[in-house]
Protein chains: 2
Amino acid sequence: MTVSEYIFDFLHSKGCDTVYMVSGSSSMWLTDALCRNHDMKAVCCHHEQAAAMAADCYGRLNPAPGVCLATIGPGATNTITGVAGAYLDSSPVFVLTGQANSRLVQYQKATGIRQHGTQSLLLDNMVSPITKYFCCLENAQDIVQVMNDAYQAAMSGRKGPVWIDIPIDLQNKQITVSDGVPDGQSAPFDVVPPSAQMMQQLLDAKRPLILAGAGVRNGQAIDLLRQLSDRFDIPVVTSRGGIDVIPSNAPNFIGRPGSYGDRASHFSIQQCDFLLILGSRLSVSTTGYYPQRFGLHAYKVMVDIDQKELDKPDVPVDEAVCCDVSAYLTEVLNQLPSSPPAAWGQWRDHCVALRNQYPTVLPHYSHETPLNSYYFVHLLSTLAPNNANIVVDTGSVCNIVSQSWELKEGQRYLISGGLSAMGFWAGILGCAQLGRQLIALSGDGSVQMNVQEFATIHYNHLPVKLFVFQNHGYMLIRHNQHNYMNDRFLGVGPDSGLETPNFCKVAEAYGIKSCTISAGDDLSSKIREVLACNEAVVCQVEVQIFGDLAPRIASRVMPDGSLKAAEFDDLYPFLNQDE
Amino acid sequence: MTVSEYIFDFLHSKGCDTVYMVSGSSSMWLTDALCRNHDMKAVCCHHEQAAAMAADCYGRLNPAPGVCLATIGPGATNTITGVAGAYLDSSPVFVLTGQANSRLVQYQKATGIRQHGTQSLLLDNMVSPITKYFCCLENAQDIVQVMNDAYQAAMSGRKGPVWIDIPIDLQNKQITVSDGVPDGQSAPFDVVPPSAQMMQQLLDAKRPLILAGAGVRNGQAIDLLRQLSDRFDIPVVTSRGGIDVIPSNAPNFIGRPGSYGDRASHFSIQQCDFLLILGSRLSVSTTGYYPQRFGLHAYKVMVDIDQKELDKPDVPVDEAVCCDVSAYLTEVLNQLPSSPPAAWGQWRDHCVALRNQYPTVLPHYSHETPLNSYYFVHLLSTLAPNNANIVVDTGSVCNIVSQSWELKEGQRYLISGGLSAMGFWAGILGCAQLGRQLIALSGDGSVQMNVQEFATIHYNHLPVKLFVFQNHGYMLIRHNQHNYMNDRFLGVGPDSGLETPNFCKVAEAYGIKSCTISAGDDLSSKIREVLACNEAVVCQVEVQIFGDLAPRIASRVMPDGSLKAAEFDDLYPFLNQDE
C-alpha cells in the first residue's frame with residue numbers, strides 16, 4: 001500500500017466519502033490514489049478557496065471530517081481563507097497538499113532561502129495558526145501515525161481543521177500496514193457536573209434564559225436543550241453559530257441577539273436573572289460592545305469545550321465550565337425537579353410577548369419597492385422545505401438572513417461565522433446530501449469571490465438554488481461609509497469604483513438556469529418555481545440598493561476619531577424611553 | 001495628519017500612484033484616507049488575490065512599489081497567494097490590511113485564543129514567511145518609522161513584499177510629522193569587483209556564455225548586459241525571470257533553457273567553457289534535474305544579490321559573487337580589453353547556428369488542425385507591438401509562450417515564476433501605463449481562478465487583450481497524468497470532473513467584447529483586429545486539447561515508484577545520437 005492509498009483508505013474508514021479538490025502536478029500520486037479509490041468521490045472545484053469552504057461545510061454537516069486536496073504552493077495558499085474559516089467555526093477538515101521533494105523542503109527549512117523546490121512554500125508557520133495539527137511528512141511510514149493523530153485533533157474537543165503536507169517523493173512510497181487502518185477514536189472529554197451553586201441559582205431564579213451557540217451541535221445536546229427548554233419553560237436565544245439548534249417555531253424560541261439582532265432577545269438578556277450560555281464563545285457580534293454589561297442582572301454560567309474561550313475576560317461570568325454541552329445538560333436534567341418553578345412560565349410568556357411585540361420583519365416591508373430584503377428572506381424561509389441545507393454568505397446578506405430567516409425543524413443553516421469570508425456561498429458545494437435541498441443566499445459582491453464555481457455546479461449537476469441579492473456592490477460597507485465617512489464612498493458600488501455583473505447572464509454563460517425576482521412579481525409563485533426546479537438555478541433578487549439594516553447596535557464617530565456604540569438593549573431605530 | 005493619511009502621502013512621495021484594493025469595514029479609515037488623497041488612484045478589484053497580483057506586476061514595471069489594500073481576516077488571507085508570488089519573484093509590494101482593535105490583537109497574541117476581534121486573524125506567523133517585513137502597528141506614532149523601514153526592506157537588496165497590519169483604533173489616530181515625510185533611500189549595496197581569476201578565466205575561455213535572469217532588471221544591468229554581449233560577441237540565454245532582458249532578435253540571443261526549454265540553449269550551456277550567471281537563482285526549472293552537471297565543462301561565475309541563492313549547493317559554481325548585477329557588470333566592462341578574443345565570434349556563430357538549426361516552433365505547426373498553440377503564440381508575438389506589457393499565466397501556457405514568444409525591444413514579459421500561481425493573468429490589472437498595450441495570455445483553467453476580474457476590466461475601461469487558450473481543462477496536468485499515470489485522468493477536463501465555460505459567453509456577460517480564433521481563420525488579420533481594438537477583448541483561442549509540449553526534459557516512472565528525468569541536453573523528442 002502506498003502513502004497516498006493509505007490516506008484515502010483511512011479517510012474512507014472514518015466515514016468520508018467525498019474529496020473537494022483541484023488537481024496539480026505536485027499532488028499527482030495523491031490525485032491518482034483518489035482516482036483509483038472507488039469508495040471516494042472527487043468533486044473538482046475551480047479554485048482551492050471554494051474546495052476548502054466545501055470541505056468546511058461537509059465537516060459541519062456530516063459525522064466525518066471534510067477533505068480538501070490541493071497541490072503545492074499556490075494550491076495550498078489558495079485554501080487558506082477557507083481553512084481559517086473552518087478553524088474559527090470549529091469544523092473538522094483534512095487538508096492534503098502536495099509538496100516538493102523532502103530533500104528540498106529540508107534545505108529550505110534549514111537555510112531560509114526564499115524557495116528551493118518548484119512552486120514550493122513552507123507551510124508550517126503559515127498554516128499552524130489556523131489548524132489544530134500540521135505535519136509535513138518526513139518519512140513514508142509515519143503516515144499511519146500522522147493520519148491517526150490528525151484525526152484525533154480534528155475530531156476531539158473543539159473541532160477544527162488539520163493539514164498534512166506530503167512531499168512528492170513520499171506520496172508513492174510503499175508502507176507496511178500490519179493491522180490495517182487503526183481504529184482511532186476521538187479522545188473522551190471530562191464530564192463536569194453542574195455545581196451545587198449553579199443548581200441553586202437556577203432553581204432560585206425567576207427569569208432563566210438559555211443562550212445557545214454552535215457547541216450545542218455536538219453529541220445529543222440539541223435534544224437535551226429542547227428537553228430542558230420545553231419541560232421547564234425556559235426561553236432560548238441563539239448566537240449566529242447556533243441558529244440551527246432550534247427551529248423558529250419552537251414555543252420558547254425568542255430570537256437571535258447580536259450587533260444585528262432583535263429587540264426581544266436583547267431585552268430578554270438584559271432582564272433575565274439566570275443566563276445559561278451553552279457552546280457560544282460570546283463574540284462581540286453576539287454581546288455587543290459593552291460585554292461587561294451583557295446579561296448584567298443575571299447569574300451567568302458559561303459551558304464550553306474550549307478553556308480559552310472560558311478564560312476570556314469580556315463577559316464576567318459567574319461560573320465557567322469546561323465541558324461538552326451534551327454531557328453537562330444530561331447532568332443538569334438529572335438534577336432538576338419534575339416541573340419548573342411557578343415563575344418560569346410567566347417569564348417565558350413575557351419573552352414570547354416581547355418577540356411578538358417586536359418582530360424583525362415589519363408589516364410595511366412587504367409593500368416596499370424595490371424589494372425589501374428582510375421581507376423577501378422571510379417569505380423565502382416560509383416556502384423553503386424542512387430538509388434544506390442553507391448556506392448564507394457574508395456581509396449585509398448574513399445580517400438580513402440571520403435576522404429574518406424562520407428556521408424550520410430539520411434545516412441546517414451554515415454561515416462563515418468567525419471569519420465572515422466573502423464567497424462562502426460556494427460552501428454549498430459541500431452540502432450535497434441525499435434528499436436534501438440546497439439553498440445558498442449571497443450578495444452580488446460575495447458571489448463574485450467564488451463565481452468560478454458556477455462551472456462546478458453545472459458540471460456536477462448540483463441542483464443548487466442560489467439567491468443573489470443584487471444590491472450593486474458591498475452594501476454593508478456602503479452603510480459603513482455612509483454612517484462614519486459622511487458619504488465618502490470608495491469601492492462599494494458603481495458610483496465608487498466597483499460594478500458587479502448581471503448574474504443571470506453570468507449563470508447562462510456557465511450553462512445554469514437563471515431568473516430575476518423583483519418587487520411587483522408574484523413572489524411566492526416565483527420562489528416556489530425556483531425551489532421546485534430539479535436543476536441549479538441562479539435567482540437574482542432585485543432588492544433595495546441601500547436598504548436599512550435594522551434592528552442593530554448603532555455607533556457614531558466621536559470628536560477624537562474613535563467610534564462609540566450604543567448600549568446592547570438600545571437598538572437602532574431607537575425607541576421612545578417608555579418602550 | 002492621521003496614520004492613514006500619512007501612509008498614502010508617504011507612498012505617493014515614493015512614486016506610487018495606484019492602489020489595488022477591496023474595501024472593507026475594518027480598513028475603513030485607510031479606505032477613506034485613500035478616497036481623500038487625490039494623488040492616488042484606487043483600482044477596486046473583486047478579489048484580493050487579483051489585487052495582490054496587480055500590485056506585484058505594478059512593482060515589477062515601475063520604479064515604485066505596488067500597493068495592495070485589503071481588510072482584516074479573509075481580506076488579508078485572500079491576498080496571500082499574490083503576495084507569495086511577489087516574494088518569490090522579488091517584486092516590491094506594500095500590503096496594507098485593516099486589523100481588529102489593538103487591545104483584542106494583544107489579547108489574542110498573549111493567549112492563543114482562536115479569535116478575539118471580529119473577523120480577526122493574527123498575521124505575523126502566517127505572512128512572515130512570504131514577506132521581507134511585517135508589522136502589526138502598536139502605536140500610532142510608530143507609523144513614520146514603520147513606513148520607512150518597510151520601504152527600505154521592499155526596495156533594498158533582493159526586493160520583495162512588505163506588510164503593514166493596522167488596527168482599526170489606530171487608523172484614524174492623529175500623529176505628529178515634524179519633518180514631513182522622511183526621504184528614505186534604499187540601502188546601498190556592496191560592490192564586489194570581478195576577481196583576477198574570474199577575468200583570467202573569461203579571457204582564456206573559448207566559449208563564454210551568459211545566462212541572464214530577473215536580477216538583470218535592476219539598475220543599468222540591462223544596458224550593460226547588452227554592451228557586454230554586443231561588444232564581445234558573447235551569446236546570451238535567459239531564464240524565465242529574465243525573458244525580457246533581451247529581445248529575441250538581438251544578434252547574440254540564443255534561447256531560454258529549462259525543463260521546457262530549447263535545444264540551442266541547452267547545447268550551448270553544455271558546450272560552453274565559461275558561464276556567467278547573472279541574477280538567476282538557477283531553479284530546477286532552469287537547470288533541469290541534474291544541476292551538478294549543469295554547464296558541466298564551464299568555469300561558472302554566479303552573480304546574485306541574495307547570498308542564500310549563492311549558498312545553494314545544487315549547481316557547483318566556481319565563484320559565487322554577492323553583488324548587484326549592474327555594479328558587477330560595470331567593473332567587468334572596465335576590465336575587459338577593447339575587443340574580444342578571436343575564438344569568441346566563432347563560438348557565437350556556432351550558438352546562433354544551433355538556434356537556427358533547432359527552432360522551437362517547427363514549420364509544420366502552422367498547418368495543424370486544431371490550432372497548434374506554439375504556432376499561434378509565435379504569430380501573435382510577431383504582431384504584438386514593441387510597447388506591450390505582456391502577462392503570461394501559469395501551466396502549459398507559460399511553457400508554450402515562454403518557449404515561442406519572439407520578444408521585441410521594449411516589451412515587458414511578466415510571469416508567475418517561482419510560485420507559478422494560476423490566475424496570474426489578472427496581474428494585467430496592474431500593468432496599465434500610458435501608451436502601452438496590455439496583453440494577457442492564459443489557459444481556460446487559469447482564467448477561471450480570477451474570472452471575477454472581468455468586472456474590474458470592464459468597469460475601469462482597461463483595454464486588456466486577453467487570449468484564452470481553450471484546451472478544456474488543465475493541459476499540463478493532463479500531460480502529467482498521461483505520462484505517469486497510464487492515462488488515469490482526474491480533474492483535468494470534461495472527461496474527468498472538470499469543465500470550463502465558453503469564455504466568449506462569460507466575457508459578454510461581463511460586458512466585454514469577445515471573439516474566437518480557430519484553425520482555418522485568417523489568423524493574422526484576426527489577431528490584428530483584436531490588438532487594434534481600443535477596448536478590452538477576450539479572445540478565445542481554440543487550440544489542440546492535448547497538444548504536445550516540446551522540447552522538454554522528459555521523465556519516466558521507475559519500478560520503485562520514483563521519477564527519473566532525462567539529461568539536460570537530451571530533450572524530448574529525443575534526437576538521434578548523431579545530432
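Preceding this section is the structure that the text describes.
Figured I'd write up the structure that's included with this text. Since the structure is predicted, the reported quantities are computational estimates derived from the model, not experimental observations. (Residues numbered from 1 in each chain as written. Chains lettered and ligands numbered in written order. Predicted model: local features only at pLDDT ≥ 70, side-chain atom pairs only at ≥ 80, totals over all residues. Heavy atoms only, no water.)

Moving on to the side chain of A:Ser248. Residue and element names in this part refer to chain A. Residue position: Ser 248 is located in the loop between strand 8 (236-238) and strand 9 (253-255). Note on Ser 248: relative accessible area 4%, which makes it buried. In this structure the side chain of Ser 248 is engaged in a polar contact, spanning 3.2 Å, whose partner is the side chain of Arg 256. Looking at Ser 248, its side chain comes within polar contact range of the main-chain nitrogen of Leu 407, at 2.7 Å. (Helix = DSSP H or I, 4+ residues; strand = E, 2+ residues; numbered from the N terminus. Buried < 20%, exposed > 50% of the residue type's maximum accessible area, 1.4 Å probe, protein only. Polar contact = N/O pair within 3.5 Å; in protein donor to acceptor, adjacent residues only side chain to side chain.)

Time to look at the packing of helix 16 (residues 373-383) of chain B against helix 17 (residues 396-404) of chain B. Residue and element names in this part refer to chain B. Where helix 16 contacts helix 17, the axes come no closer than 9 Å and their chain directions differ by 50°. Taken together, the axes of helix 16 and helix 17 lie oblique to each other. The two elements helix 16 and helix 17 meet at a crossing, and its hand is right-handed. Packed against helix 16, whose contacting residues are Ser 373, Tyr 374, Val 377, His 378 and Ser 381, the element helix 17 presents Ile 400, Val 401, Gln 403 and Ser 404 at the interface. The residue makeup of the contact of helix 16 with helix 17, split by class, is four nonpolar, five polar and no charged. (Axes fitted to C-alpha atoms, helices over the stretch in contact; angles between N-to-C directions. Parallel < 35°, antiparallel > 145°, perpendicular 65-115°, else oblique. Left-handed = near helix turned anticlockwise from the far one by under 90°. Contact = heavy atoms within 4.5 Å. Nonpolar A, V, L, I, M, F, W, Y, C, P; charged D, E, K, R; others polar.)

In screw terms, the move from chain B to chain A is a rotation of 180° and a rise of 0.0 Å along the axis, fitting with an RMSD of 0.0 Å. Classification of the inter-copy transformation places it as that of a two-fold axis. Every residue of chain B has its C-alpha some distance from the rotation axis, and the shortest such distance is that of B:Met126, at 1.9 Å. A shared interface surface links the copies, since 99% of the contact residues of chain B are contact residues in chain A too. (Least-squares fit on C-alpha atoms with pLDDT ≥ 70 in both.)

Now for the state of the cysteines. Residues and elements named next belong to chain B. Tallied over the full model, the rule gives zero disulfides over all chains. Looking at Cys 398, it has no disulfide partner, and the nearest cysteine sulfur is the one in Cys 57, 12 Å off. Looking at Cys 398, the relative accessible area reads 7%, which means it is buried. (Disulfide = S-S within 2.5 Å.)

In this section: the pairing of strand 14 (residues 412-415) of chain B. Residue and element names in this part refer to chain B. Of the two faces of strand 14, the one holding Arg 412 and Leu 414 and the one holding Tyr 413 and Ile 415 are both buried throughout. Note: strand 13 (residues 388-392) against strand 14, four bridges, orientation parallel. Within strand 14, the residue paired with Val 391 across the bridge is Leu 414. In this fold, strand 13 hands off to helix 17, which returns the chain to strand 14; that crossover is right-handed. (Pairing = 2+ DSSP bridges. Right-handed = clockwise from strand over helix to strand, strands pointing away.)

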